[in-house]
Amino acid sequence: ELKQCTESRRRGAFVRVYDGKRWYNSATTEPDRLQQELDTLAAMAEPNPAIGDDPVVHRFEVNRDCVLRWQAGDLRAVPVEQKLALLRSYQPLLERSGLAATRARYLDVHVDKTFRSSLGADIRQDYQHCGIALGYTVTGANAPFTNGQQRYASDFAGLQGCQEGLRAAIAEDVNYAMHAVPVEPGEYTCVLSPTVAGVFAHESFGHKSESDFMLGSETMRREWELGKQVGWEGLSILDSGVPNGSGYCPYDDEGTRARDTYLVKNGVLTGRLHSAATAAALDEAVTGNARAISFEFEPIVRMTSTWIAGGTDTFESLLRGAEGGLYIPDFFHGSGMSTFTIAPARAYRIRGGKPAEPVLVSVISGNVMQTLHQIDGATAETELRSLFTGGCGKMEQWPLRVAFGGPYLRVRGLKVQ
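This report concerns the structure included in the present document. Fair warning: this is a prediction, and the values are worked out from it, not measured in the lab.

### Focus: the pattern of salt bridges
Step number 1: Under the counting rule described, the total for this entry stands at 24 salt bridges.
Step number 2: For Lys 3, the salt bridge is made with Glu 1, and the minimal N-O distance between the two is 3.8 Å. Accessibility assignment for this pair places Lys 3 and Glu 1 in one class, exposed.

### Side note on the packing of aromatic side chains
Step number 1: Applying the stated rule across the entire model yields 13 aromatic pairs.
Step number 2: Ring centres of Trp 70 and Tyr 127 lie 6.1 Å apart, and the angle between their planes is 75°; on these two criteria the pair is classed as edge-to-face. Linking Trp 70 in the loop between β3 (64-67) and α3 (80-90) with Tyr 127 in strand β5 (residues 122-138), this pair joins segments that are 57 residues apart in sequence.
Step number 3: A residue is classified by how much of its surface remains accessible, and Trp 70, at 6% relative accessible area, is buried.
Step number 4: Pairing Phe 331 with Phe 404 gives two aromatic rings, centres 5.9 Å apart and planes at 70°, and the pair type is edge-to-face. Linking Phe 331 in strand β15 (residues 326-336) with Phe 404 in strand β22 (residues 403-416), this pair joins segments that are 73 residues apart in sequence.
Step number 5: Residue class for Phe 331 comes out buried when judged on its relative accessible area of 16%.

### Thoughts on the nonpolar core
Step number 1: Within the largest apolar cluster, 43 residues are counted, with the highest numbers of intra-cluster contacts made by Leu 192, Phe 200, Phe 205, Leu 326 and Leu 409.
Step number 2: Going through the elements one at a time, β8 (186-192), α5 (194-206), β10 (261-265), β15, β16 (339-351), α9 (368-374), β19 (375-386) and β22 are the ones with two or more residues in this core.
Step number 3: In terms of residue count, the dominant contributor to this core is α5 (six residues).
Step number 4: For Leu 326, the residues in contact, after removing those within four places along its chain, are Val 183, Tyr 188, Thr 189, Cys 190, Val 191, Tyr 348, Arg 349, Ile 350, Val 359, Val 361 and Val 416.
Step number 5: Of all hydrophobic cores here, the second largest spans 34 residues; its members include Leu 94, Leu 134, Tyr 176 and Ala 322.

### Quick word on α5
Step number 1: Between its terminal C-alpha atoms α5 stretches only 16 Å, short of the 18 Å expected from 13 residues at 1.5 Å a residue.
Step number 2: Of all 13 residues that make up α5, 13 are buried, and the element is covered over most of its length.

### Brief notes about the pairing of strand β1 (residues 13-18)
Both faces of the sheet carry side chains from a regular strand, because those side chains alternate between them.
Step number 1: Bridge count for β1 against strand β2 (residues 23-28) is six bridges, and the pairing is antiparallel. Looking at the pairing, Phe 14 lines up with Ala 27 of β2.
Step number 2: Counting the residues that bridge the hairpin from β1 to β2 gives four residues, and of these Gly 20 lies at a positive phi of roughly 95°.

### A short note on the environment of Pro 243
Step number 1: Within the secondary structure layout, Pro 243 lies in the loop between β9 (237-240) and β10.
Step number 2: Classification of Pro 243 by relative accessible area gives partly exposed; the value is 22%.
Step number 3: In the structure, Pro 243 is positioned 15 residues away from Ala 258 in sequence and 9.7 Å away in space, judged by C-alpha atoms.

### Observations concerning the side chain of Thr 256
Step number 1: Looking at the element boundaries, Thr 256 is found in the loop between β9 and β10.
Step number 2: Contact partners of Thr 256, with chain neighbours within four places excluded, come to Glu 61, Asn 63, Pro 250, Tyr 251, Val 286, Thr 287 and Gly 288.

### Focus on the environment of Leu 409
Step number 1: Along the polypeptide, Leu 409 turns up in strand β22.
Step number 2: Judged by relative accessible area, Leu 409 falls into the buried class, the value being 0%.
Step number 3: Taking the C-alpha atoms as reference, Leu 409 lies 8.8 Å from Val 196; in sequence the two are 213 residues apart.
Step number 4: When neighbours within four sequence positions are excluded, Leu 409 is seen to be in contact with Cys 190, Val 191, Leu 192, Ala 197, Phe 200, Ile 308, Leu 318, Ile 375, Gly 377 and Ala 378.

### Focus on the environment of Gly 255
Step number 1: Within the element layout of this structure, Gly 255 appears in the loop between β9 and β10.
Step number 2: Taking C-alpha positions, Gly 255 is 24 Å from Phe 388, a pair spaced 133 residues apart along the chain.
Step number 3: Apart from residues no more than four positions distant in its own chain, Gly 255 is found in contact with Glu 61, Asn 63, Phe 115 and Ile 123.

The rules behind these values
Residues numbered from 1 in each chain as written. Predicted model: local features only at pLDDT ≥ 70, side-chain atom pairs only at ≥ 80, totals over all residues. Heavy atoms only, no water. Salt bridge = Lys/Arg side-chain N within 4 Å of Asp/Glu carboxyl O. Buried < 20%, exposed > 50% of the residue type's maximum accessible area, 1.4 Å probe, protein only. Phe/Tyr/Trp six-rings, centres within 6.5 Å; stacked < 30°, edge-to-face > 60°. Helix = DSSP H or I, 4+ residues; strand = E, 2+ residues; numbered from the N terminus. Core = buried A, V, L, I, M, F, W, Y, C linked by side-chain atoms within 4.5 Å. Contact = heavy atoms within 4.5 Å. Expected span 1.5 Å × (residues − 1). Pairing = 2+ DSSP bridges.

Here is the structure:
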C-alpha cells in the first residue's frame, strides 16, 4: 500500500546584519524582497564607523567560488515514477517469514545555496543525497525487536543493485532477534564497529567541541584547555566538511572554507569547532562550522563529518584482546555531553577471538573524560558513515545532516545494561 508520495520545492533566504554589539536576523520565503528585509534590519542596527575593526568581522573569510557537483545527475530530473519503481524493486525483501509491520521509504534532497556578504564573498554550492530505508519488526523473537536497513547515495544510480546486501543484513537481524538473550549488566571491554565508533566520537566528544558551549562557562574552558592530555595517546579525532557524504559542506553558512580540524591529536586536545563569533570570543581561528538546517534559522556551531583516525591494529587483534567482552556492530541512537550513551541495535559476546552468541543490550555508557583514556586499540581500516534519515539535533535545529565514522575501536570498562 502506497501511504505517501510527495514532492516539494522551497525557495528562501536568510539575511543578517551585525553592528558590533548584536545580530539582527530575518528569514523570508520571498528572496525578491531581500533589499526590503535588509533595509529593515539596518534601520534597527546602530551605525558603527569602526565595524571593520571588530574581531568577529576580522574572522570572516571573503571567498568567491562555485562548487556545483551535482548538475549532472541532478535528482530533481529523475521522474517520480522512476523513484517509485526503485522503491518497489526493494519491496520483495520484506516479504519473508519472520517480518511484520514492514515499511519501505525513498527520500531525496537537492539543495542549491548561494552565500553573499557585504565584504565581497560570493559562493554558490550544491548538495544532494537519496536513500532507501526498509523497516520491520521481527516476529517470534525472544524480545520485541524493531529495526531497519538503509542505503545512502549521492545520486540515483548509487541506489541500484543493493538487494543482496540488504537481504543478508535483514537475515542477520532475524537470526539475532530469534536467539539473543539479555546481557548480564556490568563493565565490559567493547569492540565498536566504525559506525559505532563514529557515533561515540560524535556524542562523546564532538558536541563538547562545539565552542559555543564554552562561552558562558569558565569551568568548561578550564576543563577543555588546549594542550591538555584528554585520552589514549593513539587517539585522534577530526571534523571536516571536505569528505563527500552527508557531512559534506565545502563552505559553511558564514562563507568559511571547509578544512580538517583536529579536535584531538595523539590524545592531546588540539582544537575545537567555531563560528566567527565563537572564534573571536576565544581568540582562535574559524573552522568552517557555522551551520543552519535551513534558511529559516541562524547559523550556530555544528559538526560536519566527525571521525576517529585509524590506528595500527587489525580487527582480529582487537577481538583477541577483548575475550569475554562485547562486539557492537550497529546502533539505534546515541546522546551525550559529559556522559555519553549509545543504544546498540545488536551486540555479540566475544569468544575465542570472534563474535559469538547474540546478547540483548539496552545501552552502553561512560564518562567522556574517563572513557577517552580507556581506548587502547584502533584498526588501520576506517569507514565514514552517511545517513539520509534523521540527523543531529541542537537547540531547536534538528535534523542537521552530518556524517561520522572511524576505525574498529576497542574500549575497556564501558558500563553495559
